[in-house]
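# Coordinates in review
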Amino acid sequence: FTSGTTGDPKGVMVTHEALIHFARVSAASRNLGPQDRCYAFVPMTHVFGLATVLLTSLYAGAQLVLRPQFDPAELLDTLEHHGVTQLQGPPALFSRLLGHLQELGIEHSQAPALRYVYTGAGPLDLTLKQRVEAAFGQTLHHGYGLSEYAGSVHLTRLGEQRPDTSVGYRVEDAEVQVTDPASGRPLPLGQRGELWMRGRGLMRGYFRDPQATAAVMRAGGWYASGDLGELHADGALFVVGRLKEMIIRSGFNVYPAEVELALNQLPGVQRSAVVGRPEKDGNEEVIAFVELSPGTTFDEAAARARLREQLAPYKLPSHIVVVAELPTSTNGKVLKRQLQERAATL
């Protein structure tokens, strides 16, 4: 099932062959084998836990350290004493883990066996990437995948440390093209558009929902993902947001990820989420929610002064709301539906 972060969850029909194909591709991408121990807490009912963690580890003959839920103290102990070599989770996991390290006054995690760190199932901002890499002394790998494709379609490469937040390069038997959302025509390299994909891992359709299936399938066997991205000349893909989440402000497009990146660089901000709130004239207000690092306070006046230095006026949040914790799904994705409902009451 899809995560249902912006709509109702939908059952996705993926084939056994597609899952096993991805398990092989994923294992090869990180040189996974019987010598490895993988930390596993993400729910196996979603594609990240099912394909990237469970099936890939079983395919490679690796061990799994299974946990029913995420606990930062337990994870740090496991990394230090129990030989975990691979750690994978959504950005929210790493954000909470860094917050726990900050509470303890620890700058660097003790993980003598760890050799591969990966985040997926959500957008990654550069500030979090840099902090994780500093804490673990490892490259934070990244990828782009979704339930409708039985895993990832792009992955970063082992041994390559990129200075950006690219989701890496196309995996075997996957095709991705950037298209104009209005016309469906392919766009040149470097231009931003909707990501379409097809290939060996593509779903057969949504379970008992032919109408929803028809809404996302295009001529030639392409699946229209609703995600926005751009391809660069070296083949690296950058995912910049969701079409449904894009905010129209004074006739301009505001991508929440750009505003969230600026917010996450503010002192004391652990992570953030940005949504649009409709206005009577058809415009949308930019509403920001921020979760603070433990033991910190938020100076809104100073924050707004810094944001004005980094963002165009139409991208500036109308409201910045401090929350104890951003709402997330069981697999670590921010539930923006809930934030939109709260924004409507401001």
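A short tour of the structure in this document, coming up.

## Remarks on the overall build of the protein chain
Secondary structure summary: the protein chain contains 9 helices and 19 strands in total. In terms of overall size, the protein chain behaves like a compact globule, its C-alpha atoms giving a radius of gyration of 20 Å where 346 residues would be expected to give roughly 20 Å. Counting only C-alpha atoms, the protein chain reaches 60 × 55 × 40 Å along its principal axes. Buried residues in the protein chain amount to 54% of all 346 residues. Taking as baseline every contact in the protein chain between residues at least 6 positions apart, the subset at least 24 positions apart corresponds to 65%. With an accessible surface of roughly 15600 Å², the protein chain has 51% of that area assigned to carbon and sulfur atoms.

## Describing the packing of aromatic side chains
Counted under the stated rule, the structure contains 5 aromatic pairs. For the ring pair Tyr39 and Phe41, a centre distance of 6.5 Å and an interplane angle of 45° mean the geometry is tilted. When its relative accessible area of 0% is taken as the criterion, Tyr39 is described as buried. Aromatic pair Tyr116 and Tyr118: ring centres 6.4 Å apart, planes at 10°, arrangement stacked. By relative accessible area, which is 2% here, Tyr116 ends up buried. By relative accessible area, Tyr118 is classed as buried at 4%. Pairwise contacts between aromatic rings join Tyr39, Phe41 and Phe70 into one cluster. Directly above the aromatic system of Tyr169 lies the positively charged group of Arg157, at a separation of 3.6 Å from the ring centroid. Sitting above the plane of the Tyr255 ring, Arg192 keeps its charged end 4.7 Å from the centroid.

## Side note on the nonpolar core
Soluble globular proteins tend to bury their nonpolar side chains together. Core analysis: the largest hydrophobic core is formed by 51 residues, its most contacted members being Phe94 and Phe136. Apart from residues no more than four positions distant in its own chain, Phe94 is found in contact with Leu87, Gly89, Val117, Tyr118, Thr119, Leu128, Val132, Phe136 and Leu140. Ile247, Val269, Val286 and Leu311 belong to the second-largest nonpolar core, a separate cluster that totals 17 residues.

## Focus: the pattern of salt bridges
Pairs can form between side chains of opposite charge once their charged atoms are near each other. Here the structure, examined in full by the defined rule, presents 19 salt bridges. Put simply, Glu258 and Arg192 hold a salt bridge, and the shortest N to O gap is 3.1 Å. Separated by 66 residues along the polypeptide, Glu258 in helix H7 (residues 256-264) and Arg192 in the loop between strand E9 (174-179) and strand E10 (193-199) bring together distant segments of the chain. Since its relative accessible area comes to 31%, Arg192 is described here as partly exposed. Beyond isolated ion pairs, a larger network of salt bridges with shared partners links Arg192, Glu230, Glu258 and Lys315.

## Some words on the packing of helix H3 (residues 72-81) against helix H4 (residues 91-104)
In contact at an axis separation of 9 Å, H3 and H4 are set at 85° when each is read in the N-to-C sense. With respect to H4, the element H3 is oriented roughly perpendicular. Residues Pro72, Ala73, Leu75 and Leu76 of H3 touch H4, and the partners they reach there are Leu93, Arg96, Leu97, His100, Leu101 and Leu104. Its residues assigned to classes, the contact of H3 with H4 comprises 8 nonpolar, 1 polar and 1 charged.

## A look at helix H2 (residues 47-60)
At Leu54, H2 is deflected by roughly 25°, the largest bend along its length. Where H2 ends, the next residue or the one after it, Gly61, has phi of about 80°, a positive value.

## Notes on the sheet that holds strand E6 (residues 140-146)
Taken in spatial order, the 7 strands of this open sheet run E3-E2-E4-E5-E6-E7-E8, and their pairing is mixed. Either end of the sheet is taken by a strand with one partner, and the two such strands are strand E3 (63-66) and strand E8 (169-170). Along the sheet face, H3 touches strand E2 (37-40), E3 and strand E4 (86-89) and points at about 175° away from the line of E2.

## Digging into the pairing of strand E13 (residues 222-231)
With 10 of 10 residues buried, E13 is to be regarded as a mostly interior element. In terms of strand pairing, E10 meets E13 through 4 bridges, oriented antiparallel. From the neighbouring strand, Glu194 faces E13, where its bridge partner is Leu228. Examined bridge by bridge, strand E12 (residues 217-218) and E13 share 2 bridges and lie antiparallel to one another. In the strand pairing of E13, Arg218 is matched with Trp222. The antiparallel hairpin formed by E12 and E13 contains 3 residues in its connecting segment, where Gly220 sits at a positive phi of about 85°.

Criteria and thresholds
Residue numbers run consecutively from 1 along every chain, following the written order of its sequence. Reporting in this predicted model follows two pLDDT cut-offs: at least 70 for local features of residues, and 80 or more for side-chain atom pairs to be given and counted; totals over whole chains, interfaces and linings ignore these cut-offs and use all residues. Where side-chain values are given, they derive from all heavy atoms of the structure, hydrogens and water being excluded. Here a helix means four or more residues in a row that DSSP labels H or I, a strand means two or more in a row labelled E, and each is numbered from the N terminus. Only C-alpha atoms enter the radius of gyration, while the globule expectation follows 2.2 Å times N to the 0.38, with N the number of residues. The buried label goes to any residue with under 20% of its type's maximum accessible area, the exposed label to any with over 50%, and the partly exposed label to all in between, with areas taken from a 1.4 Å probe on protein chains only. Residues are treated as being in contact if the distance between any of their heavy atoms lies within 4.5 Å. We get accessible surface area from the Shrake-Rupley algorithm with a probe of 1.4 Å; when it comes to residues, only the shown protein chains can shield them. Stacked, edge-to-face and tilted are the three classes for Phe, Tyr and Trp ring pairs, Trp counted by its six-membered ring, which pair at centre distances within 6.5 Å; planes under 30 degrees apart are stacked, over 60 edge-to-face, the rest tilted. Placement of a positive charge over a ring is assigned whenever Lys NZ or Arg CZ falls within 6 Å of the ring centre and within 35 degrees of the normal to the ring plane. Residue types Ala, Val, Leu, Ile, Met, Phe, Trp, Tyr and Cys, when buried and joined through side-chain atoms within 4.5 Å, form a set referred to as a nonpolar core. What makes a salt bridge here is a side-chain nitrogen of Lys or Arg within 4 Å of a carboxyl oxygen of Asp or Glu, nothing more. Between N-to-C directions, angles span 0 to 180 degrees; the directions come from axes that are lines fitted to C-alpha atoms, helices contributing only their stretch in contact. Comment on the angle field: the value is read as roughly parallel under 35 degrees, roughly antiparallel over 145, roughly perpendicular from 65 to 115, and oblique elsewhere. Gly is put with the polar residues, along with every residue not named as nonpolar or charged; the nonpolar set is Ala, Val, Leu, Ile, Met, Phe, Trp, Tyr, Cys and Pro, and the charged set is Asp, Glu, Lys and Arg. Bend at a given residue is defined as the angle between two axes, one fitted to the seven residues that end at that position and one fitted to the seven that begin there. Think of it this way: DSSP has to see at least two bridges between two strands before they count as a pair.

From the geometry alone we can't say anything about function, so treat these as descriptive.
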